[in-house]
Amino acid sequence: MTTVHRFGFDRRGMFAALLASVALAGCGGGGSSAPADTSDIAKVAAAKGIEKSNLKLGFIKLTDIAPLVVAKEKGFFAEEGLNVTLEPQANWKVLLDGVTGSQLDGAHMLAGQVLASAAGIGAKQKLITPFSLDINGKAVTISNEVYGMIAPTLPKGADGKVAHPVSAAALKPVVAKFKADGKPFKMGMVFPVSTHNYVLRYWLAAGGLNPGYYLPGDTAGTTGAEVQLSVTPPPQMPATLEAGTINGFSVGEPWNQAAVAKKIGVPIIVDPDIAGTTGDKVFGLTEEFATKNPKTTQAIVRALIKASMWLDAEGGKNRAEAVRLLASPKYVGADEKVLMASMTGKFTFGDGDTRDTPEFNLFFDQQASYPFWSDGIWFLTQMRRWGQIAEAKPDQWYLDTVKAAYRTDLYDTAAASLVAEGKIPADAFPKSDGYRTYTRKAIDGVAFDARKPAAYAAGFAIGLKDGQKVSAAGVK
C-alpha cells in the first residue's frame, strides 16, 4: 500500500487505472451496483475452489461498515465467488456471540474483541483478523447543557471559533459541580473493549479526570471513577443523550453527526486529536473458520482490499456513492446529509462550524486496511492501563498476543495474489514489519512506542503503574 494523502493519491494516474481495472474485472463487472446472479457466483466459486460460497456476515449500523457494503453492492464479493448476506446485529455482544457461535461466518468487529480473545479476557473461541476496516472515525460528543457550561471557558481562535483540540480539563469544573449536587457525571461508550472506550478514557485522563478501573468484581470499570462510563449501542447514543441518561458519549459515525442534526449535542473532539492514529473496526472471524476455509478467507480479504481502495480512490470521487449505499435502511439507515458530514474529509461540529479532518474515516489511505501489529499493541496497552489485563506483562507478551490475532500473513497472501494476477500494482503494498509509523501526536504529548509497550502502558499519570495489579479487593 502506498502512503497517500487524504483523497489525493501520490500516483493519481496509477490508481485511476487500477480502480478502472478493478471495476471492470470479473463476474458481474465488479463496478456494477447490481451483484452477479447467484448461479454465476457459484460457477466462480467452483472454479476457485471456494470451500464455503454462501456467507452471513454481521455488522453494527456505523459508517465504518463501508468496505463490507461496497464489497457486496459493487460486486467485489461476487467476483471472488462469494454470495454474501450482510446482517445487522442489535449490539456488539450479540454480534460477538453470533461469530463465536457460528451463526455468523464473520463480522464487522471491534478490534478489542479480537484482541481480548487472544489475551484470554474475552471470547472463549479464538478470534483473528486478517483485515482492518478503517482507522480513526470516532468523536466525543457532549450534551448542549454541558457544552453551555464550558463554552465560555474554551480558548478561541482568530476566526472566533473554539480552538481545537479541546482538553477534557474543561470538564473538571462541571464534573465537580455535578458531584457537589450529588449527581454522577455520566458518559456513554459502546463496549468495554471498544476503541471508543479507550479513546474516551485517554481523553478524560489526559485532562486530569479518572475514568475508573476494571476489577474482577467491577466489570463496569467504575472503581475510582470521577466520570462514570456505561455501555450504550451506537444507534441509541443520540436518544440516550437526549433523554438525559448520559451527559456525553464516544461513538463512531454517523451518530455524532446525528446529534448535531437533531441539535441535542456538540461534538467536542475527533479521535485523531486524542491519541493520534488509532485502529478501529476489523473484519473478525474465528481461527477455526479461517483454518477450515482458507480459500474462502482469502477471497473475503481480496474483495475487502478492492472495496477499501474504491472508497479512497481518486480524491474521494466515490464517497458520495458510498454514502448513498450506506444510507439504505438495510445498512446504516441514516440521512445522506448526516453521513456526508463526516465522509468527505470534513467534520461538522455545529452550525457554521465544519472543519477539515483529513485523517477521519480512512479505509485504504495511510495503509488503513493493513492489520498492523502496532495498532493492536496500542489496544492491549490500554486494556492493561485500565485493569482489564490484571497484571503487568513483558514486552514479548504484547507482541506474541497481537501476532496470534492480527494475521498479517493472510493479508499479505491476498495482496500478493492480486499483484500476481496483474490486478493491482506491487507498489500498492509496500513490505511491512508489522509496525506503523505514527506521526500524529496524542493530546497529552505522550509518544507511543509499540516496541516498548510495557513502559508505555505504565507511564501515564492516571493509569496502572508497573507492578500494580487489580483484584476483587481493588488496585494494589
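Residues numbered from 1 in each chain as written. Predicted model: local features only at pLDDT ≥ 70, side-chain atom pairs only at ≥ 80, totals over all residues. Heavy atoms only, no water.

**Observations regarding the sheet that holds strand 10 (residues 248-252)**
An order of 9-6-10-5-11 is seen for the five strands of this open sheet, with the pairing classed as mixed. Each of the sheet's edge strands pairs with one partner strand only, and the pair in question is strand 9 (228-231) and strand 11 (265-270). Across this sheet, the average inter-strand angle for adjacent strands is 25 degrees, counted without regard to direction. Across five bridges, the pairing between strand 5 (residues 138-143) and strand 10 is antiparallel. Across the sheet, Lys 138 pairs through a bridge with Gly 252, a residue of strand 10. In the packing of helix 9 (residues 195-206) onto the sheet, contacts are made with strand 5, strand 6 (186-189), strand 9, strand 10 and strand 11, and the angle to strand 6 comes to roughly 145 degrees. (Pairing = 2+ DSSP bridges. Helix = DSSP H or I, 4+ residues; strand = E, 2+ residues; numbered from the N terminus. Axes fitted to C-alpha atoms, helices over the stretch in contact; angles between N-to-C directions. Contact = heavy atoms within 4.5 Å.)

**As for the packing of aromatic side chains**
Inspection of the entire model under this criterion finds 18 aromatic pairs. Measuring from centroid to centroid gives 4.9 Å for Tyr 370 and Phe 372, while their planes differ by 65 degrees, and the two rings are edge-to-face. Note on accessibility: Tyr 370 and Phe 372 belong to one class, buried. Ring geometry for Phe 448 versus Tyr 456: centroids 4.9 Å apart, planes at 55 degrees, classification tilted. In this structure Phe 448 comes out as buried when scored by relative accessible area, which is 18%. Classification of Tyr 456 as buried rests on a relative accessible area of 7%. Taken together, the ring pairs connect Tyr 198, Tyr 202, Trp 378, Phe 379, Tyr 438, Phe 448, Tyr 456 and Phe 460 into an aromatic cluster. The positively charged end of Arg 385 is found above the aromatic ring belonging to Phe 460, 3.7 Å away from the centroid. The ring of Tyr 435 carries the charged tip of Arg 451 above its face, separated from the ring centre by 3.9 Å. (Phe/Tyr/Trp six-rings, centres within 6.5 Å; stacked < 30°, edge-to-face > 60°. Buried < 20%, exposed > 50% of the residue type's maximum accessible area, 1.4 Å probe, protein only. Lys NZ or Arg CZ within 6 Å of the ring centre and 35° of its normal.)

**Some words on the environment of Thr 437**
Its place among the elements puts Thr 437 in the loop between helix 19 (408-420) and helix 20 (453-458). Placed 284 residues apart in sequence, Thr 437 and Thr 153 show a C-alpha to C-alpha distance of 35 Å.

**What about the nonpolar core?**
Membership of the largest hydrophobic core comes to 143 residues, with the highest contact counts inside it found for Phe 77, Trp 203, Leu 204 and Ile 305. Among the elements that make up this core, the one with the highest residue count is helix 14 (residues 294-311) (10 residues). In this view, Ile 305 contacts Phe 131, Tyr 411, Ala 414, Ala 415, Leu 418, Ile 424 and Phe 429; residues no more than four positions away in its chain are not counted. (Core = buried A, V, L, I, M, F, W, Y, C linked by side-chain atoms within 4.5 Å.)

**Let's talk about the confidence of the model for the chain**
Model confidence for the chain is summarised by a mean pLDDT of 92, while 92% of its residues fall at 70 or above. Across residues 1-35 the pLDDT falls below 50, and counting only partners more than four positions away or on other chains, this stretch makes 101 contacts in the model. (pLDDT = per-residue confidence, 0-100.)

**A look at helix 19**
Each α-helix turn comprises 3.6 residues. Residues three or four places apart therefore point the same way. Taking 1.5 Å of rise per residue, 13 residues should cover 18 Å, and helix 19 covers 18 Å from first to last C-alpha, within 8% of that figure. Along helix 19, the positions that sit buried rather than exposed are Thr 408, Leu 410, Tyr 411, Ala 414, Ala 415 and Leu 418. Down the axis of helix 19, the buried set is contained in an arc of 165 degrees. They therefore lie on one face. Where the residues of helix 19 are buried, they touch strand 4 (127-132), helix 14 and helix 17 (373-385). Of the residues flanking the end of helix 19, it is Gly 422, one or two places downstream, whose phi is positive at about 75 degrees. (Expected span 1.5 Å × (residues − 1). Arc of directions from axis to C-beta.)

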